[in-house]
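As a plain string of letters, each chain reads:
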Amino acid sequence: MKMKRVYMNISGRVQGVGFRYYTQHLAVQHNLVGWVKNEEDGTVTIDAQGHEEELNSFIEEIKKGPSRFAKVKNVELTYLDIEENKTFKIK
């Protein structure tokens, strides 16, 4: 399987709604490594890496958000070179 890495910037109502914990849970389910972080501008950034099929499924689930309290308005994707990461963490 092909490995891919994506940097995501998610905007909308994505802070204060459990988004980072949801992201970490999804990443572990999909065997991804990387991190998720709240930004000062109210967005959330994610750097995730794993098998292409798992990563694509993860991206689709991220677009839905963790609950009815969250509202994902936009997801910007930038594909990057693979890095050595062992876990998925919340920064």
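Residues numbered from 1 in each chain as written. Predicted model: local features only at pLDDT ≥ 70, side-chain atom pairs only at ≥ 80, totals over all residues. Heavy atoms only, no water.

This part takes up the packing of aromatic side chains. Per the stated rule, a full pass over the model turns up two aromatic pairs. When the centroid spacing of 6.2 Å and the interplanar angle of 70° are considered together, the rings of Y7 and W35 count as edge-to-face. Of the two residues, Y7 sits in strand β1 (residues 3-13) while W35 sits in strand β2 (residues 33-38), which places them 28 residues apart along the sequence. For W35, a relative accessible area of 17% gives the class buried. Cation over ring: K4 sits above Y79, and NZ or CZ is 4.5 Å from the ring centre. Seen from the ring of W35, K91 lies directly overhead, with NZ or CZ sitting 4.2 Å from the centre. (Phe/Tyr/Trp six-rings, centres within 6.5 Å; stacked < 30°, edge-to-face > 60°. Helix = DSSP H or I, 4+ residues; strand = E, 2+ residues; numbered from the N terminus. Buried < 20%, exposed > 50% of the residue type's maximum accessible area, 1.4 Å probe, protein only. Lys NZ or Arg CZ within 6 Å of the ring centre and 35° of its normal.)

What follows concerns the confidence of the model for the protein. Chain-level statistics for the protein give a pLDDT mean of 96 and a share of 100% at 70 or above. Strand β5 (residues 88-90) is the least confidently modelled element of the protein, averaging 94 in pLDDT, while β2 averages 98, the highest of any element. (pLDDT = per-residue confidence, 0-100.)

What follows is about the sheet that holds β2. With mixed pairing, five strands are arranged side by side in an open sheet as β4-β1-β3-β2-β5. In the strand order of this sheet, the two ends are held by β4 (71-80) and β5, each with one partner. Ignoring which end each strand starts from, the neighbouring axes of this sheet average 20° apart. Against the sheet, helix α1 (residues 19-29) makes contact with β1, β2, β3 (44-51), β4 and β5, and its axis sits at roughly 170° relative to β5, the strand it touches most. (Pairing = 2+ DSSP bridges. Axes fitted to C-alpha atoms, helices over the stretch in contact; angles between N-to-C directions. Contact = heavy atoms within 4.5 Å.)

This brings us to the pairing of β1. As paired strands, β1 and β3 are joined by eight bridges and run antiparallel to one another. Note on β3: the bridge partner recorded for M3 is H51. Relative to β4, β1 is paired through nine bridges, and the arrangement is antiparallel. Paired with V6 across the strands is Y79, a residue of β4.

As for its placement among the helices and strands, M8 is situated in strand β1. Classification of M8 by relative accessible area gives buried; the value is 0%. Not counting residues up to four positions away in its chain, the partners in contact with M8 are V44, T45, I46, F58, I59, I62, V75, E76 and L77.

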